[in-house]
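# Survey of secondary and tertiary structure
Residues per chain are reported as follows:
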Amino acid sequence: QVQVVESGGGLVQPGGSLKLSCAASGSIFSINDMGWYRQAPGNERELVASVTGAGITDYANSVKGRFTISRENTKNTIYLQMNNLKPEDTAVYYCRIDVPPNGMVYWGKGTLVTVSS
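Everything quoted here is computed from the prediction, not taken from an experiment.

## A closer look at the environment of Leu80
Looking at the secondary structure, you find Leu80 in strand 8 (residues 77-82). The spacing of Leu80 and Ala49 is 31 residues in sequence and 8.2 Å in space, taken between C-alpha atoms. The residues touching Leu80, leaving out its near neighbours within four places in the chain, are Leu18, Lys19, Leu20, Trp36, Val48, Ala49, Phe67, Thr68, Ile69 and Tyr93.

## Details of the sheet that holds strand 8
The four strands are arranged 1-3-8-7 in an open sheet whose pairing can be described as antiparallel. Single-partner strands in this sheet number two, and they are strand 1 (2-7) and strand 7 (67-72). Strand-to-strand, the axes of this sheet are offset by a mean angle of 15°, without reference to chain direction.

## Topic: the environment of Thr77
Following the sequence through the fold, Thr77 ends up in strand 8. Here the alpha-carbon distance between Thr77 and Cys22, two residues 55 residues apart in the chain, equals 5.4 Å. The residues contacting Thr77, other than those within four sequence positions of it, are Cys22, Ala23, Met34, Ser70, Arg71 and Glu72.

What counts as what
- Residues numbered from 1 in each chain as written.
- Predicted model: local features only at pLDDT ≥ 70, side-chain atom pairs only at ≥ 80, totals over all residues.
- Heavy atoms only, no water.
- Helix = DSSP H or I, 4+ residues; strand = E, 2+ residues; numbered from the N terminus.
- Contact = heavy atoms within 4.5 Å.
- Pairing = 2+ DSSP bridges.
- Axes fitted to C-alpha atoms, helices over the stretch in contact; angles between N-to-C directions.

The structure is reproduced here in structure tokens:
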């Protein structure tokens with residue numbers, strides 16, 4: 001069994017910051033890509049940021065320069081530092097991991113981020 005658990009969401013004012021965490025545990029020998037996705041009401045789930053096992057990162061254009069993804073391989077954990085938050089960043093943020101050798105995908109249950117004054 002593999003568990004993926006997100007934490008760190010909450011209510012923040014525009015311009016504020018939040019840091020999300022995602023920890024994977026269970027029957028995991030290694031993890032390939034890890035990433036953050038988000039889904040706002042009425043919208044499809046979209047990629048926010050991802051990081052490979054080698055540390056190569058990718059970001060959605062809408063968050064470049066404001067969000068930073070980081071990874072601790074020894075803890076099977078990723079983080080998402082979100083700065084200068086905007087109301088349009090409001091969404092449920094999900095963590096996704098890809099596990100070798102078959103690329104099995106696991107998702108967390110999500111953590112809600114609300115940006116509002």
